[in-house]
Amino acid sequence: MTRRVYSGLAQANRRLTPPRFTGLVRERRRRLWALVSPASLVRGLRKGPARHRNPSHIVRGELLRSQLIAALLLAAVAAGSAATGATPAPALAAAGRLGAFPAGAPPTPAGGFPGPYRHGPAAPFRAGAAVTDFTPPVHGRAPGGDPADCDHTGRFTGPRQFAFEEPYVDLKGDGHYDPGDPYVDCNGNGRWDGNLLGGGASTPRFYDRVADPVTARAVVISNGRRTIAVEVLDQEGVFNVYQQAIREKVRADGYRLSNIFISATHDESAPDSLGLGGVTATTSGVNDYWLRYMIDRSARAIERAYRSMRPTHIRYTEVLEPRNVRQCWSSYPFVDDQHIPVLQAVDDRGRTIATLASVSQHVETLGFNGGTPELNAERLWVSSDWVHFFRSSLERQLGGVGIEMAGAVGSVESPEVYSTAISRTPQRYLLVDHSGGCRTLFDVDGQQDAAGTLHVPLGYSGETRAFGEQVAGRVIQALGSGAYRNSSSNTIWGQRTNVCVPLDNALFAFGAALGVFAHRPGYNADCSQAFPVQPDGATSGQALESQVAAFEIGDGEFLSLPGEVFPFTYLRGFLGPADMPNSSAPLPPWLIPRMDAPFRFIDGLAEDMLGYIFPLGNAVGIPTPSMPNPSSTDRFGCEHSDDSESISGHAADIIGEALVPLLGRHGGAPERIVTGRYVLGDGTLSRDPLGGPELKCSTDTKFQAALIPARAVELASGRVVKPRYWMSLSGLPQVAPDRDTRGYFDQRGRRVWLDVFPERSPPRPRNA
């Protein structure tokens with residue numbers, strides 16, 4: 001989301017220590033040789049500690065440690081568990097019946113969808129997909145004429161490269177409208193409607209070139225009883241009033257669907273529909289002419305997809321982000337989601353209809369780049385950013401329509417892309433110069449990593465392209481190699497519900513009163529009464545009415561969350577109360593264990609746009625009437641650049657509590673959640689299965705990786721459990737724990753989610 005806020009001011013927004021293998025190898029070489037024999041593993045172990053300065057060698061050392069643990073676990077599985085007396089076959093078969101993974105298939109070492117792959121029976125569906133382009137046309141080529149061409153005097157001669165720009169006089173001669181320039185207010189909304197981008201830096205940004213189209217992409221899926229549409233728009237966010245206008249247009253055109261679920265990619269190089277990119281901090285950037293165009297074209301994509309439906313089956317898989325990207329955050333806590341769940345619809349002739357993937361990364365590389373003439377110019381381009389290259393790659397290699405769905409993107413900024421692999425294990429807190437800001441936990445061999453030396457150069461043809469194509473490559477490889485499972489169920493359900501969220505952010509309330517958010521109404525405190533929106537967009541109120549939703553398509557289940565949700569909010573992590581800026585606040589409900597499908601998607605920026613969504617204990621710097629200019633730095637010295645763009649610190653609780661009963665009505669009882677700690681290889685207990693502490697900024701700045709990661713779990717009762725497999729944050733099995741681990745599979749193949757947040761009370765004596 002744009003770092004711009006409204007008070008008339010713009011508010012600024014372990015090194016990897018190589019694993020010490022030598023002693024470990026000396027002690028365990030004979031035992032390991034008896035358990036496993038792959039020549040590549042043995043050769044790697046004989047290398048001893050990684051001393052090379054090349055990042056690929058550092059990561060090789062980390063991989064060897066993971067391979068060692070994975071080999072030991074797999075050997076234990078193959079031999080049966082001496083502790084439990086259980087043999088692996090029944091447990092694997094049980095896991096297959098429960099939909100965790102195919103019976104008899106081992107999990108992958110680093111998460112993702114496990115293999116070898118038994119596709120299974122394919123349930124019947126009908127599906128269609130379509131794309132419509134809502135890129136602003138060039139001036140004079142608007143379909144049906146341009147309603148902004150309303151100067152009948154010929155005196156307003158300012159350059160207008162694109163349609164939907166109101167006439168003006170360019171007093172400064174700089175080629176675009178400036179505050180104070182005379183203009184014709186054709187629609188009477190009290191502002192100049194023109195070519196303004198949303199998001200990014202250095203607002204206002206007057207777009208002057210189209211690098212690639214911004215689009216609406218829809219897939220419509222039916223099981224014969226219910227038909228739903230899933231649509232994603234190239235927008236920074238889409239308010240619920242615009243989403244409802246799209247649904248109403250589809251219905252008015254005679255199409256009857258059970259439900260329509262709409263979200264945004266969080267594209268910060270698309271025309272502004274939120275209003276945050278205005279020519280001044282107190283003026284809306286929404287172009288009402290283009291907005292109607294976007295709504296009409298978005299409805300048309302759903303209608304075209306509906307008309308193109310044909311017999312289909314659905315495939316699911318999950319991949320991990322490439323190893324050569326280094327995650328960046330703009331705010332604490334430093335938790336991300338590397339997992340990319342994927343839905344693919346394929347017709348009876350094997351032709352792809354649509355491929356949809358949820359990626360938990362910001363879409364902002366162009367909007368925040370700068371510093372050279374080339375990068376400054378790209379900041380003014382209309383583009384779908386790296387998502388363009390992602391979708392184009394999918395479509396070129398797989399066919400059909402490519403769709404990128406935003407996942408849990410809150411604070412998860414566009415990552416740096418390197419030519420070699422980066423460690424997935426945290427090392428130390430680093431503040432790195434990168435577009436959009438970059439607080440990271442991952443060193444790169446201790447060197448100054450200037451763009452174009454160790455990592456891919458910035459820019460549309462550099463890092464933007466590289467990230468999009470490389471992420472797509474993981475999806476293409478998985479689907480192309482058969483690493484997927486057919487949906488054995490053709491269940492379809494979907495439901496949304498209203499939520500009322502207090503408008504605690506004083507700057508947002510101020511912006512609403514000035515008409516910044518254009519067509520979005522305010523409400524009274526309990527959302528029982530809407531306050532009318534004036535012609536200039538002004539409204540008032542103490543709350544906003546919003547929506548949340550969930551839906552299921554066969555073996556995939558989706559959570560629709562109305563904003564930029566921090567991954568920690570509903571995916572959890574390894575933090576405890578002492579790691580939170582406000583240690584007394586509880587966490588919102590843990591939603592993922594309440595889903596029941598094998599493949600689980602976060603649909604971010606869906607149903608609405610409420611800004612950032614994070615736990616109340618992490619709320620720092622939200623301006624309120626009583627504290628309009630709070631500090632954005634927490635007690636750990638961590639900057640919370642994003643919190644000033646949250647409607648309320650209570651939003652996560654309100655959203656979570658609304659989704660709990662909705663999921664319960666369709667998924668039944670939640671999966672088991674237990675409290676406890678991970679037991680590291682040396683027997684110590686830890687919230688984090690890889691070591692600790694959880695990294696911050698001015699304190700806890702270096703991560704001490706455990707020589708051997710977690711090998712067991714100790715429950716609150718004191719009982720120690722040895723998992724059959726570890727479990728990722730999306731509920732899929734893992735051989736070895738990593739930064740995405742959130743629990744384990746028990747000996748019967750059932751998911752058990754481990755809640756490490758609560759403080760531990762002393763366990764009962766073991767002999768009691």
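Each remark here, short or long, concerns the structure printed above.
What counts and how
The numbers attached to residues start from 1 for each chain and follow its sequence in the written order. Given that the model is predicted, a residue must reach a pLDDT of at least 70 before its local features are reported, and side-chain atom pairs must reach 80 or more before they are shown or counted; all residues, however, enter totals for whole chains, interfaces and linings. To obtain the side-chain values, all non-hydrogen atoms of the structure were used and water was disregarded. In what follows, salt bridge is the name for a side-chain nitrogen of Lys or Arg lying within 4 Å of a carboxyl oxygen of Asp or Glu. To qualify as a helix, a DSSP run of H or I must reach at least 4 residues; to qualify as a strand, a run of E must reach at least 2; elements of each kind are numbered from the N terminus. Here's how the labels work: a residue is buried when its accessible area is under 20% of the maximum for its type, exposed when over 50%, partly exposed in between, all with a 1.4 Å probe on protein chains only. Pairing of aromatic rings covers Phe, Tyr and Trp, the last through its six-membered ring, and needs centres within 6.5 Å; plane angles under 30 degrees mean stacked, over 60 mean edge-to-face, and all others mean tilted. Any Lys NZ or Arg CZ that is within 6 Å of a ring centre and within 35 degrees of that ring's normal is treated as a charge sitting over the ring. In this description, a disulfide is simply a cysteine sulfur pair whose atoms lie within 2.5 Å. Angular values range over 0 to 180 degrees, each being the angle between N-to-C directions of two axes fitted as lines to C-alpha atoms, with helices fitted over their stretch in contact. These descriptions rest on fixed angle ranges, namely under 35 degrees for roughly parallel, over 145 for roughly antiparallel, 65 to 115 for roughly perpendicular, and the rest for oblique. Handedness of a crossing is defined here by the sense of rotation of the near helix relative to the far one, left-handed for an anticlockwise turn of less than a right angle and right-handed for a clockwise turn. Every residue pair with non-hydrogen atoms within 4.5 Å of one another is taken to be in contact. Residue classes follow a fixed rule: Ala, Val, Leu, Ile, Met, Phe, Trp, Tyr, Cys and Pro count as nonpolar, while Asp, Glu, Lys and Arg count as charged, and any other residue, Gly among them, counts as polar.

S.K.: Mind laying out the pattern of salt bridges, listing which residues take part and the relevant values?
M.R.: In a structure, side chains of opposite charge can pair up when their charged atoms sit close to one another. A complete count under the given rule lists 25 salt bridges for this structure. Close ionic contact of Arg-520 with Asp-608 constitutes a salt bridge, the shortest N to O distance being 2.6 Å. Residue Arg-520 is located in the loop between helix 11 (506-514) and strand 17 (522-523), and its partner Asp-608 is located in the loop between strand 22 (599-603) and strand 23 (612-613); the two are separated by 88 residues in the primary sequence. For the pair formed by Arg-520 and Asp-608, the shared burial category is buried. Ionic contacts of the salt-bridge type, sharing partners, join the residues Lys-249, Asp-253, Asp-296 and Arg-300 into one network.

S.K.: Outline the packing of aromatic side chains, listing residues and values.
M.R.: The full count for this structure, using the stated rule, is 31 aromatic pairs. With a centroid separation of 6.0 Å and an interplanar angle of 65°, the aromatic rings of Tyr-316 and Phe-601 are classed as edge-to-face. A residue pair is termed long-range when its members are at least 10 positions apart, and Tyr-316 in strand 6 (residues 310-320) and Phe-601 in strand 22 qualify at 285 residues. Across the pair, exposure class does not vary: Tyr-316 and Phe-601 are buried alike. Between Trp-386 and Phe-390, the aromatic rings sit 6.1 Å apart at their centres with planes inclined by 85°, giving edge-to-face as the arrangement. Within this pair, Trp-386 and its partner Phe-390 are both found in helix 9 (residues 386-398), separated by four residues, close to a single helical turn. Classification of Phe-390 as buried rests on a relative accessible area of 0%. Aromatic ring contacts, followed pair by pair, group Phe-261, Tyr-316, Phe-551, Phe-558, Phe-599 and Phe-601 into a single cluster. The ring of Phe-636 has Lys-696 sitting right over it, with the charged end atom 5.2 Å from the ring centre.

S.K.: Before we move on, could you go through the state of the cysteines and cite the residues and values that matter?
M.R.: Applying the stated criterion across every chain yields a total of four disulfides. Here Cys-150 engages in a disulfide with Cys-186; their sulfurs sit 1.5 Å apart. One disulfide, between Cys-150 and Cys-186, carries an S-S torsion of -50° and so falls in the left-handed class. Here Cys-186 lies in the loop between strand 1 (125-133) and strand 2 (209-210) and Cys-150 lies in the loop between strand 1 and strand 2, a separation of 36 residues in the sequence. A relative accessible area of 18% means that Cys-150 is categorised as buried.

S.K.: How would you summarise the packing of helix 9 against helix 10 (residues 460-480) if you had to cite specific residues and measurements?
M.R.: Relative to each other, helix 9 and helix 10 sit at 40°, their axes nearing to 7 Å. Regarding the angle of helix 9 to helix 10, the classification is oblique. Helix 10 is crossed by helix 9, and the crossing has right-handed handedness. In this structure, helix 9 contributes Trp-386, His-388, Phe-389, Phe-390, Ser-393, Leu-394, Arg-396, Gln-397 and Leu-398 to the contact, and helix 10 contributes Tyr-460, Thr-464, Arg-465, Phe-467, Gly-468, Glu-469, Val-471, Ala-472, Val-475, Ile-476 and Leu-479. Among the residues making up the contact of helix 9 with helix 10, the classes are represented as twelve nonpolar, five polar and three charged.

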